[in-house]
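Structural overview for review
The chain contents come next:
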Amino acid sequence: MVVQTRHLAAPSPTKLVFRDKLVGKGLSTDVLIKKLQTLHRELADLDQELVDVTSLNTVQKDLISSSILLHKDRGVKAYAACCLADILGLTAPNAPYTQGELRDIFQFFFRQLTNGLKGSDCPYYAEYFHLLESLATVKSVVLVCDLQNADELMVEAFRDFFQLIRRDLPKKVEMFLAEILVALLDECQTLPSEVLETIMAQFMDKNARLDQPAYLLAVQVCNGSADKLTRHVSQYFTEIIVAERSDDDLTEIRTAHTLIQRLYASCPTLLTTVIPQLEEELQAEDLPLRLLVTQVLGEMFAADKGAGLDLKRQHPNAWTVWMKRKNDKAPQVRLKFVEATRALLSCPAELRDEVEDALSLKLLDPDDKVRAATCRVYAGLDYETALHHVKSQQLRDVAGRVADKKIPVRVEAVRALGKLYSLAYPEIENKDTAAIMQFAWIPNELLQHVGKHSEIRPLIDDLIADYILPLPSSSTPSTSKNTAAGEVDEMAWTDRLLTVMAYLDDESTVNTLLSFTSLHRARPMIFEHFLDACIANNGGVIDENEDAVIAKLNAVVKYMSGMFPDPHKGPRIYWLLRSTTSSGLYKLLKTCLDLQTDLKGLVKATNEFSKRIESVSSSIAPTMNLVLLTYISKNQPALYKSHIAELTKGIADEKHSKVVEVALQALAAVVRWDKSLAPTDRRTLERIKRLALEGTPREAKFAARFLAFSKDKDVACMEVVEGLVAHVVVLAQFARFAPDAFEHKSDVLTAYLVKQLLMIPTHRLDDAMETDEEWADESEISDNLRAKILALKVCRNRSLAHAEKENALEIATPVLKMLATLLDNSGSFIADSGEDPKVMSRMRLQAAISLLHLSTVPAYAKAITPRFLKLALVVQDTCFDVRMTFLKKLVPLAMQQKVPTYYNVIPFLTVHDPETEIKSYAKSYVQGVMRRGPTAKRIEQLEMMFIRLLHLLAHHPDFSSTQEEMLDIAKYIQFYLSQVANADTISLLYHLALKGKTVRDAESQQHTENLYIISELAQELIKLWGHNQSFNIATYPGKIVKTVYLSDEMLAWVKGQYAPTKEKKEKEKKERAERAVAKRKAPPKTNGNPTTKRRRKRHSGRSDDDEESYEDDEPSGAEEKLGRGQRSRAKRKQARAARKKLSSPVSEG
């Protein structure tokens, strides 16, 4: 019997139970929130497979109403967003909304997340989390890609999400954000450039690292959509490189290559097609580009965790091309190649072997800088790398460079071998076979070079003192069990000497080593002669042989003077010593100079000597300590090695300033000898920095010397330098806001700032590459330049602070002259000084800005007026940043009417600027005044300044009456008319130009004629401009100057600028006919009149002022032959004829 089964019926669709209205009048916020909560819970429980989507029609329409989407309550919008996300999930893939509605919905989603999701403890966090989860899991966000404005929404989403990720959000939220962005990238038809730029910007953050949420999100997105992004990333870099390659400034290209490097560290799959581009750049003729790519690829090949090896295997051709840079024709590229190889020596053998072979060749490179750099590569290796990854023969090749012809190469070779031996010595002492084979031969090899090349002896002397046989330091339990901590371990030093000697080949090499000791020096030495002479002098009380004693002391002092940085300090010692007769003082000094004194006794005697010398004579202490410390630091600086603690205590003895000074000088000497001896405790370093900033001049000097030779000298010195620059900032503020306090030392301060800072030229460094760059970014400004700029501010602020006093002009006059000198000499106090162009550009900019600020004082502005032309021409400086910054400083002052009104002509000088940004900024200011300014202000600031503009142009250094130069001058007037001239202003402008020909220039007849030429040119341009714009020029009273200054060619050009196209064609046709056949002018027709009135033709009949001139030029005889009525009718007829001619732009001179 066959068993029959019943087929189960398909489950019926589930309908939405919710029937409440969400929109309508009378709904309170609390009620609406409760309804949305109920709806959200029900929608979240529905199954997409079973839901009856038609039951959602009502709520889906209500949810997109403006009363909900634009509701002021955050909770309403949060629940509405969840409900909308649920509906999109239930109806997927067919969204029940139009494209416009979907656009509004997704913009609503992004706004809710950006504005509401502040953190896990923010209100409605659960709803925001649900919205993100729905978008990420259901992938309803991909509907954005099908909208017409998909690009805008994608840009908004990426921008908002990368801002959102920077908040402290749970990891689950970060994962949802990444999934949403990856889904958008995978489904988008076109990738907006702004989206790619947003992603790339995350990798350029200076603090970018994998534990940073924004960086991690960018990495996840890139790796998740690598297939989609690869082509766009390649195109992105190609566009940057191609666009910027013709520019001398490689900033953008350098930034792009840094981005490539960072992308490869986290998303190497994105650069599949970018690496071949780097290969091409390596072979380009552009030297800076090759340098950049050589460095970048070298760092990429040296990447950690095997990334460099993977790069070589995936792009073997790139590795080959990069390795060929070792033989590049440019030594700079070879140098960059060598510098990039150090990290590669610790890489796997597949990379390391080729690099080692290349470095062997570079040790013999024809350029000494390349050879020295190769030696530095080995000096920077750690012990394990040098032991296991460098061949012994390679190190012996480095030793061969000790005899190089160039001193820098020798120095680097000796230093490299010394450092490696110092690192390896503990293992050599422990009889480690590998260490002995690799490094024990170094002292023997170097000492043998001394016998062959005597000129390298000083280098080997330093090598032995610093690395081979450094004097013993305080022992530790690990070095000697029988020596207490804090005492000198002489046994350890002796063992080291014997160990070094054990690996020397023969007796001659041993003798060479021993010759570096001071045992063979003749006694007594010069300092001992000096001490004996001081004792014999006895403070000037000499019992016998006075002449011989004085002669000996003078001879010793003269000899010792050559050892001082300042030879004049030598004789000073003699005169200071005559004031003391303390035998105990000389005994202490003799103890310090005695080489038989142990280290403890030396430090004790030094401290006592300092205290005694201070009690005897405070003025002699600096010089006597200089004698003592110069001797010790030059001959036996290691004597202080185990007594750094005592010297450190001396620095802290604030009750005795001379002790502090002596201790500082001693520390500076010993640290200069061996940087490793520098105190490392924070309190001591902070005290020395404070002394450098706040101590006496000598304390500051020795503190600065100590910092300059300390371990972290770059950081420490930079902090002090910034502090010194900050001091100048303080002076600038005090000079402005506390002038009475500043005036107590104003003479000293201003003299120092001017003579010792401002007047000292800043030349380009010898090793700096000469370029045409005239500007340095704020981050690249040297502290010297920053101090100079601040010094100018001090002078400016001092003048401003005294602006209300009677002697204000007396105080400000030297400052004004100084600032004017800077402008005259393009940023230097000396003409053709050859200073660094980057310094000069900053200095002349600051001078111009200072003059602007000083112009806010009427008395100063009057004094600046003779120099106004030079100040105005700053807006035409050769450096873009100078022009732009000057204009940006001028405009706010002009808008607030703090500077004289004639400063408003400066923006019109930007018409020839090659950068549209500057011209646009000037136009924006002028248009703002014309559009928003009151009529009176507009007339005062712009219209009445027209004559000032003409006067300035008459004095412009580029002014010339030749047609070519006049064409350029005309553009200034055309630019002014285009911004200021209108139906209301054109008559005033014409009148001002007319009056320009009725005055004389105060300087010279030549400038007067220039002004007449400019004024006439302005008249013609105004009339033609008015004709072109259909403006009427009203009559202004006054006699018009009849002299014509413009040439016929110039007048023809002016008319051609605004003549209609038809008239231009007729004129060209007429000119061609005239050139073909020389015609004579026909006599004027009489039109049947018995008498003809001749009239002199003027340039244009459109001005009423010109009508007056026509009447003045008519012969009087014509009127005499007519009766009174006839004359009136004739005049009216002539006036009508003249008005008809006004409609024609053609005029003749």
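Residues numbered from 1 in each chain as written. Predicted model: local features only at pLDDT ≥ 70, side-chain atom pairs only at ≥ 80, totals over all residues. Heavy atoms only, no water.

Moving on, we come to the overall build of the protein chain. Counting secondary structure elements, the protein chain contains 57 helices and zero strands. In the protein chain, buried positions account for 48% of the 1149 residues. Considering only contacts in the protein chain between residues 6 or more positions apart, those separated by 24 or more positions represent 72%. A total accessible area of about 58500 Å² is found for the protein chain, and carbon and sulfur atoms account for 51% of it. (Helix = DSSP H or I, 4+ residues; strand = E, 2+ residues; numbered from the N terminus. Buried < 20%, exposed > 50% of the residue type's maximum accessible area, 1.4 Å probe, protein only. Contact = heavy atoms within 4.5 Å. Areas by Shrake-Rupley, 256 points an atom, 1.4 Å probe, with all protein chains shown as cover.)

What follows covers the nonpolar core. Ranked by internal contacts, the top residues of the largest apolar core, which has 174 residues, are Phe109, Ile199 and Phe203. The leading source of residues in this core is helix 4 (residues 74-91), at 11 residues. Discounting residues that sit within four places of it in the chain, Phe109 has contacts with Ala81, Leu84, Ala85, Leu88, Leu131 and Leu135. (Core = buried A, V, L, I, M, F, W, Y, C linked by side-chain atoms within 4.5 Å.)

Here we take up helix 12 (residues 251-266). The end-to-end C-alpha separation of helix 12 is 23 Å, in line with the 22 Å expected for 16 residues at 1.5 Å each. All of the buried residues in helix 12 are Ile253, Ala256, His257, Leu259, Ile260, Leu263, Tyr264 and Ser266. (Expected span 1.5 Å × (residues − 1).)

Before going further, it helps to spend a moment on the UniProt feature "coiled-coil region" (unreviewed entry) in the protein chain. In this numbering, the UniProt entry assigns the feature "coiled-coil region" (unreviewed entry) to residues 29-56. Between the end C-alpha atoms of residues 29-56 the distance is 23 Å, and the span holds 61% helix and 0% strand. (UniProt positions renumbered as here; feature names shortened; annotations may be inferred.)

Using the criterion set out here, one finds 22 salt bridges in the structure. Linking Glu943 and Arg938 is a salt bridge whose minimum nitrogen-to-oxygen distance equals 2.8 Å. The exposure class assigned to Arg938 is buried, which follows from its relative accessible area of 16%. Within the structure, one salt-bridge network assembled from shared partners comprises Lys312, Arg313, Glu350 and Glu354. (Salt bridge = Lys/Arg side-chain N within 4 Å of Asp/Glu carboxyl O.)

Right, let's get into the packing of helix 4 against helix 5 (residues 99-116). The N-to-C vectors of helix 4 and helix 5 enclose an angle of 130°; their axes lie 10 Å apart at closest approach. Comparing their axes, helix 5 and helix 4 come out oblique. The hand of the helix 4/helix 5 crossing is left-handed. Contact residues: Arg74, Lys77, Ala78, Ala80, Ala81, Leu84, Ala85 and Leu88 in helix 4; Leu102, Ile105, Phe106, Phe108, Phe109, Gln112 and Asn115 in helix 5. (Axes fitted to C-alpha atoms, helices over the stretch in contact; angles between N-to-C directions. Parallel < 35°, antiparallel > 145°, perpendicular 65-115°, else oblique. Left-handed = near helix turned anticlockwise from the far one by under 90°.)

Take the confidence of the model for the protein chain next. Looking at the protein chain, pLDDT values average 76 and 74% of them are 70 or higher. Across the protein chain, the secondary-structure element scoring lowest on mean pLDDT is helix 55 (residues 1104-1113), at 38, and the one scoring highest is helix 19 (residues 368-379), at 93. When the criterion is pLDDT under 50, residues 616-635 qualifies, and its contacts beyond four places in sequence or with other chains add up to 56 contacts. Counting contacts from residues 1037-1042, a segment whose pLDDT is below 50, to residues more than four positions away or on other chains yields 13 contacts. (pLDDT = per-residue confidence, 0-100.)

Another point: the side chain of Asp836. Structurally, Asp836 is set in the loop between helix 42 (808-824) and helix 43 (837-854). Owing to a relative accessible area of 15%, Asp836 belongs among the buried residues under this scheme. Reaching out from Asp836, the side chain makes a polar contact with the backbone nitrogen of Lys838 at a distance of 3.1 Å. (Polar contact = N/O pair within 3.5 Å; in protein donor to acceptor, adjacent residues only side chain to side chain.)

This paragraph deals with the state of the cysteines. Applying the stated criterion across every chain, the model contains zero disulfides. The cysteine Cys82 is free of any disulfide, with Cys83 supplying the nearest cysteine sulfur at 6.8 Å. Cys82 sits in the buried class, given a relative accessible area of 0%. (Disulfide = S-S within 2.5 Å.)

Relative to the 27 Å expected for 19 residues at 1.5 Å per residue, helix 41 (residues 783-801) spans 26 Å between its end C-alpha atoms, a close match to the ideal helical length. Burial within helix 41 is extensive, with 15 of its 19 residues counted as buried.

The relative placement of two aromatic rings is captured by the distance of their centres and the angle of their planes. Under the definition given, this model contains 20 aromatic pairs. Ring plane angle 90° and centroid distance 5.8 Å describe the contact between Phe110 and Phe161, whose orientation is recorded as edge-to-face. Separated by 51 residues along the polypeptide, Phe110 in helix 5 and Phe161 in helix 7 (residues 150-164) bring together distant segments of the chain. There is no split in this pair, since Phe110 and Phe161 are both buried. Taking NZ or CZ as reference, Arg396 lies 4.3 Å from the ring centre of Trp441, over its face. The cationic tip of Arg948 hangs over the ring face of Tyr902; the distance from NZ or CZ to the ring centre is 4.4 Å. (Phe/Tyr/Trp six-rings, centres within 6.5 Å; stacked < 30°, edge-to-face > 60°. Lys NZ or Arg CZ within 6 Å of the ring centre and 35° of its normal.)

Take unusual backbone geometry next. With an omega dihedral of 5°, the bond running from Ala92 to Pro93 counts as a cis peptide bond. Structurally, the position occupied by Pro93 is in the loop between helix 4 and helix 5. Its identity is not glycine, yet Tyr124 carries a phi of approximately 60°, on the positive side. The exposure class of Tyr124 is partly exposed, given its relative accessible area of 28%. Even without being a glycine, Ser826 presents a positive backbone phi close to 60°. Among the structural elements, Ser826 can be located in the loop between helix 42 and helix 43.

Turning our eyes to something else, we now look at the environment of Gln974. Mapped onto the elements, Gln974 comes out in helix 50 (residues 963-980). Take Gln974: its relative accessible area is 17%, and that puts it in the buried class.

Our next topic: the packing of helix 4 against helix 6 (residues 125-137). Between helix 4 and helix 6, the shortest axis-to-axis distance is 9 Å and the interhelical angle comes to 25°. Our classification of the angle between helix 4 and helix 6 gives roughly parallel. In terms of crossing hand, the pair formed by helix 4 and helix 6 is left-handed. Residues Arg74, Ala78, Tyr79, Ala81, Cys82, Ala85 and Asp86 of helix 4 form the contact with helix 6, whose participating residues are Glu127, Tyr128, His130, Leu131 and Ser134. Partitioned by chemical class, the residues of the contact of helix 4 with helix 6 number seven nonpolar, two polar and three charged. (Nonpolar A, V, L, I, M, F, W, Y, C, P; charged D, E, K, R; others polar.)

What follows covers a negative patch on the surface. Negative charge collects at one region of the surface, where Asp146, Asp186, Glu187 and Asp227 lie side by side. Mapped onto the fold, Glu187 is located in helix 8 (residues 171-187). Here Glu187 falls in the partly exposed class, since its relative accessible area comes to 47%. (Patch = residues over 30% accessible without salt bridge, like charges linked within 9 Å, V, L, I, M, F, W, Y side chains within 5 Å. Lys, Arg positive; Asp, Glu negative; His and termini not counted. Charge placed at Lys NZ, Arg CZ, Asp CG, Glu CD.)

So, on to the environment of Ala424. Tracing the backbone through its elements, the reader meets Ala424 in helix 22 (residues 407-429). Taking relative accessible area as the criterion, Ala424 reaches 0% and is therefore assigned buried. With 11 residues separating them in the primary sequence, Ala424 and Ala435 have C-alpha atoms 6.4 Å apart. When neighbours within four sequence positions are excluded, Ala424 is seen to be in contact with Tyr383 and Phe439.

Residue placement: Asn223 occurs in helix 10 (residues 213-224). For Asn223, a relative accessible area of 38% translates into the label partly exposed. C-alpha separation for the pair Asn223 and Val182, spaced 41 residues apart in sequence, amounts to 9.2 Å. Once residues within four sequence positions are removed from consideration, Asn223 is found in contact with Ser266, Cys267 and Thr269.

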